[in-house]
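Structure assessment
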Amino acid sequence: ESFLRHHYNNLGLPHKKRRASESIEIEDRLESLICRVGEKSTSSLESNLEGLAGVLEADLPNYKNKILRILCAVARLLPEKLTVYTTLVGLLNARNYNFGGEFVEAMVRQLKETIKSNSFYEAVYVVRFLSDLVNCHVIAAPSMVAMFENFVSVIQEEDAPQVRRDWYVYAVLSSLPWVGKELYEKKDVEIDRILNQIESYLKRRQKTHVIMLQVWTAEKPHPQEEYLDCLWAQIQKLKKDRWQERHILRPYIAFDSVLCEALQHNLPPFTPPPHSETAVYPMPRVIFRMFDYTDAPEGPVMPGSHSVERFVIEENLHCIIKSHWKERKTCAAQLLSYPGKNKIPLNYHIVEVIFAELFMLPFPPHIDVMYTTLLIELCKLQPGSLPQVLAQATEMMYLRLDSMNTTCIDRFMSWFSHHLSNFQFRWSWDDWSDCLTQDLEKPKPKFVKEVLEKCMRLSYHQRMVDIVPASFAPLLPVNPLFVYKYMDESSSTLPGYPVTIAIHNAIKNRANNEEILNVLKDVPNPNQGDDDDEVDSFNPLKIEVFLQTLLHLAAKSFSHSFSALAKFHEILKALTDSDEGKLHILRVLYDVWKNHPQMISVIVDKMIRTQIVDCAAVANWIFSPEMAHDFTRFYVWEILHSTIRKMNKHVQKIQKELDEAKEKLEKQHRRRDSGDEDDDKNSDEDGLLEEQIERLQEKVETAQSEQKNLFLVIFQRFIMILTEHLVRCETAGVDSNTPWYKNCIERLQQIFLMHYQIIQQYMLTLENLLFTAELDHHILAVYQQFCALQS
Amino acid sequence: MAANLNALHSDSYIDISQYRDQHFKGNRYEQEKLLKQSCTLYVGNLSFYTTEEQVYELFSKSGDVKRIVMGLDKIKKTACGFCFVEYYTRGDSENAMRFINGTRLDDRIIRTDWDAGFKEGRQYGRGKSGGQVRDEYRQDYDPARGGYGKLAHLQRVADGRQKY
């Protein structure tokens, strides 16, 4: 008798209620039993699977649909336990042929759904699950081969985007480590034909996008391969090894005598759903490698980069992170209890996979800070070994900074500084003293400088002085102090000085806006001639006098500065009415807080949110000649990307309001159609809503236009400064590939990558207006790489 | 069609804790409702010397920070080791609960918890001596939080006098 029945017999509820809540209880129990099988247990995996198969078989008469749903879900959502569940399904199929058939059908339906809903990663797991079911005698090998043949036929589709073809090829290739041997034994001719078709496709597909996605541009010590190329090499090697694969845990082997008695099912014929405009295929990837067998000094050897073992290990570790990223302790524990861990240098694989995700371009799969915290948990669980591997990794990445993509350097720097702040900033800085002899713009000293600046933000200036050797002083950040132009008597000859005193007093005496504006009237305008009548024209000195004094009074903390901006919002808005005004306020802000980039960043944020400046002004300011010397500093790009994100969020917000209003109107119409009596009331309500919708529509259009303008400004400015640089170098006959140039061109790439979905809307404008054929080919190449990403 | 399994989607780091603000104006149900929608976090175990800037830097790692209110000693009006961090979105604050709670700021493990929302007056410590309640009763010596707990401090002073 099922031990579940024993469980619900104890509920002691009245009969009817007992039936309903019994049902839910049992369903929850089923879910729990199925999800937990394969986890640490006092019994062997085989006996747990045997037991569970028995329980489920007994519950099939009453809970078949629920069991089907749960099994389909684990197939899709727990790919790291693939073979555990295929074995379970195999055992169920051996006991109940019909159930096996229904499960296969449900899985094929699920495959269609995941593809149609753009859940392509889950779709791959479904395909892989189906292929491993061949090993469990649930699905007949020839029908699996037929499905693969259908997948590969997508290659021949005319006008299919390359990313579509790529996915179908990937789905086939990435299943072969599990089922290659079995399929080849039964259908070698067909498999060879499939492989040949794939090979010729891979030879002719374009790879313009690869360079944009590589973490390192150097080929040594590990080439950063495009993901399909790497997988192909791994499958070729697997084939050469006669499809012998020894890493994957295969519980079904122990049940072979039972399973081979089972009747197999044929997969229903599967036609790949046609391409549609709404399909969003996965972005191409580059395989991140930083370790090889020479790096793990003792213990098990790391499988080679083209071994199928490497593929399987990496896949499984990525899947574990995907399943458990929200719970760092569980995630760390699951990673460290990877089955078969004694045969591989697991810590190295884990560290490599984590950095692969952190550095993934365009974006990591999960929020950056998750990886920092996960690594800290891993260090806690393996204090004797993991910190050393992490230190080794850090050292390696430092050594290779010269060829590291700027975006990845940003992430490396952010991770490292946050990590150090959890370990009292202890680091062997002396090991990096080689960077002290280099030009400060070179990647290594630049990296150390930015790390120390970031570390300071998490602590304070003196701490930084204390933690580094004295020789590192040139790389230390400056003390983040306010720079007041009108400091003391010595500045009394500066124009506007008396007004600063008056403003200072006015503010301290809680004067109102009118009084302050009166005081400001006395500021002469350096731009105006004596006979110029215009009182309200842009007066840079007025802005300077007011803002310097105000920010000086509020310099104590962020809160003080925010209060000041809020209190005098009206005045600031009046002063920055023009574009020149907006640009100048940013200049003054920089002048006073140039030692405290974090303060600049938060004040710019507040100014945008309170509409004292707009996004385009910030972009223009960043690209202005005055900011050229800080152009390669991290904080500048932090500000620009934050500005773009605010713009994007603003558009999204208004779009959402519009959609909601439209929905509301539709609901109202539907209600009326179903016979709501009050016609007058209806038309009134409609009128109000329609008005609101019209207003929102306008707002959306304005916002979208502002957003487009922002990107155009940014791209224009990039093109200008890059072209200038290239022309200057060509004329002077010097190499244009300076550290500044590498930084700048990668920043341009970064704009494309970080906001690619939005920028895709502007392709036509970009192509016709900015990225035309006359452009220097270096700059045009970035645009072409971007186009190649989703083609 | 396919189920999304409850068992698989554990997200325990964002659960609300057992703490309920005794000064909250409203009943338990109302408080819990607010906690479950809140974008504001209480942050505890800060050093008295931790600045708003440091809190901004750390908590910005999970999203854009809308506002920080530093906790103050009610009498001295100086920092007393806690603060409130408010985000623009719930999602950003959830990530802070998952990835910043239980990590270090100024070398101290800080603790974050959901807060029903900042109201004027809540920035002050509720201990009799002006700081936080926990600093009234603790027995250990913590240089970053004013040394000994208030009661323990008074006890030591009394002991000191007795020795003469």
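As the structure is a computational prediction, the values presented were derived from the model and not from experiment. (Residues numbered from 1 in each chain as written. Chains lettered and ligands numbered in written order. Predicted model: local features only at pLDDT ≥ 70, side-chain atom pairs only at ≥ 80, totals over all residues. Heavy atoms only, no water.)

Some words on a nonpolar patch on the surface
Residues and elements named next belong to chain B. Threshold: Patch membership is restricted to residues that have no salt bridge and whose relative accessible area is over 30%. Joining uses 9 Å for like charges and 5 Å for the nonpolar side chains Val, Leu, Ile, Met, Phe, Trp and Tyr. Computed by Shrake-Rupley with a 1.4 Å probe, the accessible areas treat only the displayed protein chains as cover when residues are assessed. Salt bridge, as applied in this entry: a Lys or Arg side-chain nitrogen positioned within 4 Å of an Asp or Glu carboxyl oxygen. Only DSSP runs of H or I with at least four residues qualify as helices, and only runs of E with at least two residues qualify as strands; both kinds are numbered from the N terminus onward.
A contiguous nonpolar patch, built from Val-133, Tyr-137, Leu-151 and Leu-154 and spanning about 410 Å² of accessible area, is present on the exposed surface. Of all the elements in the fold, those that place two or more residues in the nonpolar patch are α4 (133-137) and α5 (150-163). On the secondary structure map, Tyr-137 appears in helix α4.

Examining the side chain of A:Arg457
Applicable threshold: Working rule for contacts: check all heavy atoms of both residues, and any pair within 4.5 Å makes them a contact.
With respect to the helices, strands and loops of the structure, A:Arg457 is situated in helix α19 (residues 443-458). Ignoring anything within four residues of it in the chain, the contact list for A:Arg457 reads A:Pro597, A:Gln598, A:Tyr635, A:Glu638, B:Glu53, B:Gln54 and B:Glu57.

Considering the interface of chain B and chain A
The line we're drawing: Ten residues, namely Ala, Val, Leu, Ile, Met, Phe, Trp, Tyr, Cys and Pro, are considered nonpolar, four, namely Asp, Glu, Lys and Arg, are considered charged, and the remaining ones, Gly among them, are considered polar.
Contact with chain B, which involves 36 residues of that partner, is made by 45 residues of chain A. Where A:Lys649 meets B:Asp64, a salt bridge forms, and the shortest distance between an N and an O atom there is 3.8 Å. Secondary structure elements with two or more residues in the side of chain B that touches chain A: α2 (52-59), β2 (65-72), α3 (90-99) and β4 (104-105) of chain B. Looking at which element gives the most residues to the side of chain B that touches chain A, the answer is α2(B), with 6 residues. Of the residues in the side of chain B that touches chain A, the class split is 14 nonpolar, 11 polar and 11 charged.

Some points on helix α8 (residues 162-173) of chain A
Residue and element names in this part refer to chain A. Cut-off, in case you're wondering: Helix span, expected: 1.5 Å multiplied by one less than the number of residues in the helix. The classification of residues rests on relative accessible area computed with a 1.4 Å probe and restricted to protein chains. Under 20% of the type maximum is buried, over 50% is exposed, and intermediate values are partly exposed.
For α8, built from 12 residues, the straight-helix expectation of 16 Å at 1.5 Å per residue is met to within 8% by its first-to-last C-alpha distance of 16 Å. Of all 12 residues in α8, 12 are buried, a share of seventy percent or more. When we look at burial in α8, the residues that qualify are Gln-162, Val-163, Arg-164, Arg-165, Asp-166, Trp-167, Tyr-168, Val-169, Tyr-170, Ala-171, Val-172 and Leu-173. Taken together, the buried residues of α8 touch α5 (97-116), α6 (120-135), α7 (141-152), α9 (176-204), α11 (227-240) and α13 (308-324).

Looking at the UniProt feature "domain: MIF4G" (unreviewed entry) in chain A
This is how it is decided: UniProt positions are given in the numbering used here, feature names are shortened, and annotations may be inferred rather than shown by experiment.
Per the UniProt annotation, the sites labelled "domain: MIF4G" (unreviewed entry) are residues 27-239 of chain A. Helix and strand shares over residues 27-239 of chain A are 77% and 0% respectively, and the end C-alpha atoms of the span are 44 Å apart.

A look at the UniProt feature "domain: RRM" (unreviewed entry) in chain B
Residues annotated by UniProt as "domain: RRM" (unreviewed entry) correspond here to residues 39-117 of chain B. For the annotated span residues 39-117 of chain B, helix accounts for 23% and strand for 39% of the residues, and the straight-line distance between the end C-alpha atoms is 8 Å.

Comments concerning the pattern of salt bridges
Opposite charge on two side chains permits pairing when their charged atoms draw close. Scanning all chains against the criterion turns up 55 salt bridges over all chains. The partner of A:Glu352 in a salt bridge is A:Arg310, and the shortest N-O contact between them spans 2.8 Å. In this pair, A:Glu352 is assigned in helix α15 (residues 346-358) and A:Arg310 in helix α13, connecting sequence segments 42 residues apart. The closest approach of N and O atoms between B:Glu86 and B:Arg67, which form a salt bridge, is 3.2 Å. Of the two residues, B:Glu86 sits in strand β3 (residues 79-87) while B:Arg67 sits in strand β2, which places them 19 residues apart along the sequence. Given the relative accessible area of 15%, B:Glu86 is considered buried. Among the charged side chains, a network of salt bridges with common partners joins A:Asp605, A:Arg609, A:Lys646, A:Lys649 and B:Asp64.

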